[in-house]
Each structure stands twice: as C-alpha cells, then as structure tokens.
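What follows is the residue order along each chain.
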Amino acid sequence: MFKNIKILEKRLLNYGDKWLYASGMNVKNNSNDISRIDEEIQDLKLLVKFGIKTIILNHQGDYNNKSSIHTPYLSKILKKKLNTKVYYYKKINKYLFKKIDKKLKPGEIVILGNTRLFSGEQKNSLSLSKFFSKFADKIVIGGFCKIHRKNSSNYGILNFIDGYISNGVLNEVRKIESWEKKSKNIIAIIGGIKKEKVSNGIGFLANKYDYILPTGVFLNMIIKSIGLEIGLSKVLNNKILKEKLINFVKTKNFKKKFILPEKVIVCKKKSKKIMYRDIEKVEKDEIICGVKLTKKIRDLFFELQKKRFSFLIAGTPDYKEKGIKHMGDYLKNFLKKNNLNYLVLGGDTARDLSIKKNISSGGGAALEFLAGKKLPILKKLKQF
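Rules of the game
- Residues numbered from 1 in each chain as written.
- Predicted model: local features only at pLDDT ≥ 70, side-chain atom pairs only at ≥ 80, totals over all residues.
- Heavy atoms only, no water.
- Pairing = 2+ DSSP bridges.
- Helix = DSSP H or I, 4+ residues; strand = E, 2+ residues; numbered from the N terminus.
- Axes fitted to C-alpha atoms, helices over the stretch in contact; angles between N-to-C directions.
- Polar contact = N/O pair within 3.5 Å; in protein donor to acceptor, adjacent residues only side chain to side chain.
- Core = buried A, V, L, I, M, F, W, Y, C linked by side-chain atoms within 4.5 Å.
- Buried < 20%, exposed > 50% of the residue type's maximum accessible area, 1.4 Å probe, protein only.
- Contact = heavy atoms within 4.5 Å.
- Phe/Tyr/Trp six-rings, centres within 6.5 Å; stacked < 30°, edge-to-face > 60°.
- Lys NZ or Arg CZ within 6 Å of the ring centre and 35° of its normal.

Give a detailed account of the sheet that holds strand 10 (residues 274-278), specifying residues and quantitative values.
As summarised here, the arrangement of the 3 strands in space is 10-9-11, forming an open sheet in which the pairing is antiparallel. The open sheet terminates on both sides in strands that have one partner only, identified here as strand 10 and strand 11 (286-291). Direction aside, neighbouring strands of the sheet carry axes that sit 45 degrees apart on average. Where strand 9 (residues 263-268) meets strand 11, 5 bridges bridge the pair, whose relative direction is antiparallel. For Cys-267, the partnering residue across the bridge sits in strand 11 and is Ile-287.

Explain the side chain of Arg-277 to me, and be specific about the residues and the numbers.
Mapped onto the elements, Arg-277 comes out in strand 10. At 2.7 Å, the side chain of Arg-277 and the side chain of Glu-286 are in polar contact.

Please give an account of the nonpolar core that cites residues and values.
With 101 residues, the main nonpolar core has Leu-112, Ile-147, Ile-165, Tyr-209, Phe-301, Phe-311 and Leu-312 as its most contacted residues. Among the elements that take part in this core, helix 8 (residues 216-225) stands out by supplying 6 residues, more than any other. Ignoring any residue separated from it by four or fewer positions in sequence, one finds Ile-147 in contact with Ile-141, Gly-142, Ile-165, Val-169, Ala-365, Leu-375, Pro-376, Ile-377 and Leu-378. Leu-78, Leu-82, Val-86 and Val-140 belong to the second largest nonpolar core, which has 25 residues in total.

With reference to specific residues and values, describe the sheet that holds strand 4 (residues 109-112).
An order of 3-4-2-1-5-6 is seen for the 6 strands of this open sheet, with the pairing classed as parallel. The open sheet terminates on both sides in strands that have one partner only, identified here as strand 3 (86-89) and strand 6 (162-165). The sheet shows a mean angle of 25 degrees between the axes of neighbouring strands, direction not considered. With 5 bridges joining them, strand 1 (residues 18-22) and strand 2 (residues 53-57) adopt parallel strand pairing. Within strand 2, the residue paired with Lys-18 across the bridge is Lys-53. Contacts from helix 1 (residues 35-49) reach strand 1, strand 2, strand 4 and strand 5 (138-141), with the element oriented near 175 degrees to strand 1. Running over the sheet, helix 3 (residues 96-103) touches strand 1, strand 2, strand 3 and strand 4 and is turned about 165 degrees from strand 3.

Outline the packing of aromatic side chains, supporting the account with residue identities and numerical values.
Under the counting rule described, the total for this entry stands at 17 aromatic pairs. Each ring, one from Phe-118 and one from Phe-132, has its centre 5.7 Å from the other, and the planes form 85 degrees; the classification is edge-to-face. Linking Phe-118 in the loop between strand 4 and helix 4 (126-133) with Phe-132 in helix 4, this pair joins segments that are 14 residues apart in sequence. With relative accessibility at 0%, the residue Phe-132 sits in the buried group. Measuring from centroid to centroid gives 5.3 Å for Phe-254 and Phe-258, while their planes differ by 40 degrees, and the two rings are tilted. Both residues of the pair, Phe-254 and Phe-258, belong to the buried class. Taken together, the ring pairs connect Phe-97, Phe-118, Phe-131, Phe-132 and Phe-135 into an aromatic cluster. Residue placement shows Lys-292 over the ring face of Tyr-276; its charged tip is 4.4 Å from the ring centre.

Rendered as structure tokens:
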C-alpha cells in the first residue's frame, strides 16, 4: 500500500529546520480516549529529538455544525508526553509568522488554534492552504482519522509545500490491512451518524460480510426506507443516499444479511425516560435511542460466539446524548467474556464502548480503506 509514498524518515531532518505537522488530535478536553493523540507521538518525538521547530495544524469538531472549539489543553498533554515546550496560539494570522520565528527554538512545538474554525478548511480552500503553507517549508501529514478528507490543512496544502505521511498513519493502515484478509465469519455492527457508515453499510460491507447489524442513524434510515415510522429520530439529510436505501431494502442481500431488531428503545425529545416499542409501533413524537436486547438478538450472538465470528464495530450503537448504553455495554462484555476477535473503528466509538484494544483511530477513513477506495491524501503523496 505504501510503495512509492513519501514517509517521514530521520534522513529528512536537519537541526533547526521548520516543519508543519497536520495532526488528527480531534479530542475534547478531559477525554478518557487519547488514542488520536498517541497516534501522533511517535512522529512528534522524532521531530523533537532532531531539533525540528514543529508547527502543528490541528482540527477538532466541525465548522458546519459549530462544534469546533479551541484546544489549548493539547499543549499540556504534549508537553508532558514529549518533555519539551509547547505553545498554543489561539489566533492564526499573518502576524504569527515573525512571532513564531522569534520565539520557537529547535525541538519546541507550536500548536496553531483549530483549522476547523476557518470556513474554508473543510471546503479545501486553496487560498487557506497557501496561507497555512507559509509557516514552514515541509509538512508531515498525520491524523489517520481525516486521511480520507480533502481539507485545506492536509490536502490542498500539498500544492504549495513538500509533504510526507506520518508513521502513525502507516501503523493505522497496517492494522486495517491485517483485518482486511478476513473473508468469512464476520459481522459488522454499524452505528454513529456519519455518511460513510451508511454508504459502506449497504455497499462494501453488505457484499463481503456475513451479517450486518445496523444501529444508530443507519438503523433509523433503514426503518424509514421500509416504510415504518421513526418519529423524530435522527437521519442523514442526503437525497442520493436515501434513494439508494429505498432500493437496497428490496434486494436479496438486505433480506439475507441484515439483522433488524424486533424492539427498539425510544424516548421523548425533552425527556430521558426510556420506553420499549415494537419496531412497527414507534410513535410520531418519539426518538429511537437504541436497540432492545431481545432473546432473538442474544441467541444470535450466542450462535456467532460458537462459530467464532469476528466483529467489526463502526460507530456508537446507542444514542449516548440520552444516556443510552444498552448495546454498547452488552457488546463490550460479550467480546471480552468470549475472547472474540474484533476491530473497533473510530476513537469516539472506542470511548463510548470503553474498549481500549484493537482500535483504529479513524472510523470513516478505515471503512473507506477497507472498501478498497483510494484515499486522496495517500494518492497525492505518491512519488514517481
């Protein structure tokens, strides 16, 4: 996979040089899961050791839904892990060029605000990419969690300066490659709220895996596609995806492989009180918050355990904002108790399930990679 791709190596590093580092430390303050930070540490340690002046471009949240926040807390975490000075600059502007040149010493690090507080970042604005590129001469592209995204700070910027993939990304891809070899006795449990989960759930995963257990938004969209009520439950506002789902639920693959729950957990918009409904009896003012663990589902899991099935988990299966964690807790205990093989895609999923082993830091990126899709940044970093 990494043949002819430029990778960060010792021979590239000269004491006192300035490098940019596009990281994927998309974590909230006081998060118990820092796997996305740990993914970057190996490469950052290398830069510090060789006396590189490192300037980090980090993303957190999403500009479009206003979930992006500043991340000064990252400086404290990196300072402790790397044993060097780490500065955080909240305001990113042209005046920072000289300020950083004057302050930053070899082996020290600067974190520049949050790239997703710029409206052009997720639109891959080339003017924003050009601005970012003026901070240094070369860039390391880390952050496996956004390696499939064409953002200004990790894709567009490669039009203006020389780039190299991080060893952290390389390690994540190798993890996925080892899982990719599995060809039978696999179930995919797909949840969360991202488009990649749904598109690959009815595409690549439905074709290759033995069973698919949809949860989260994926389940909501399937229930709606077969003509049942979902009340006020979350769905993706994507016309093309909705049309594909309507057609997919009529196929043999859907009837043969998809496991739909008999009962779901529901709640009201302004209440945390939960109720159980037959899948056909959700009311118009209710929100589907999770899957009820009926005898049918427990029996299925027992059969999968006997046959030593492997479990791919992509996306949180419960509506965590409402405090629901029925399926997540069951899965965590079931996998541990029976010593089953599994892979969890995405730091958020691992955190919500309290799983600390066999984790890929990127949910959407890992699914795209498993599906055989060419990840744009890896393609752009090919050297010929």
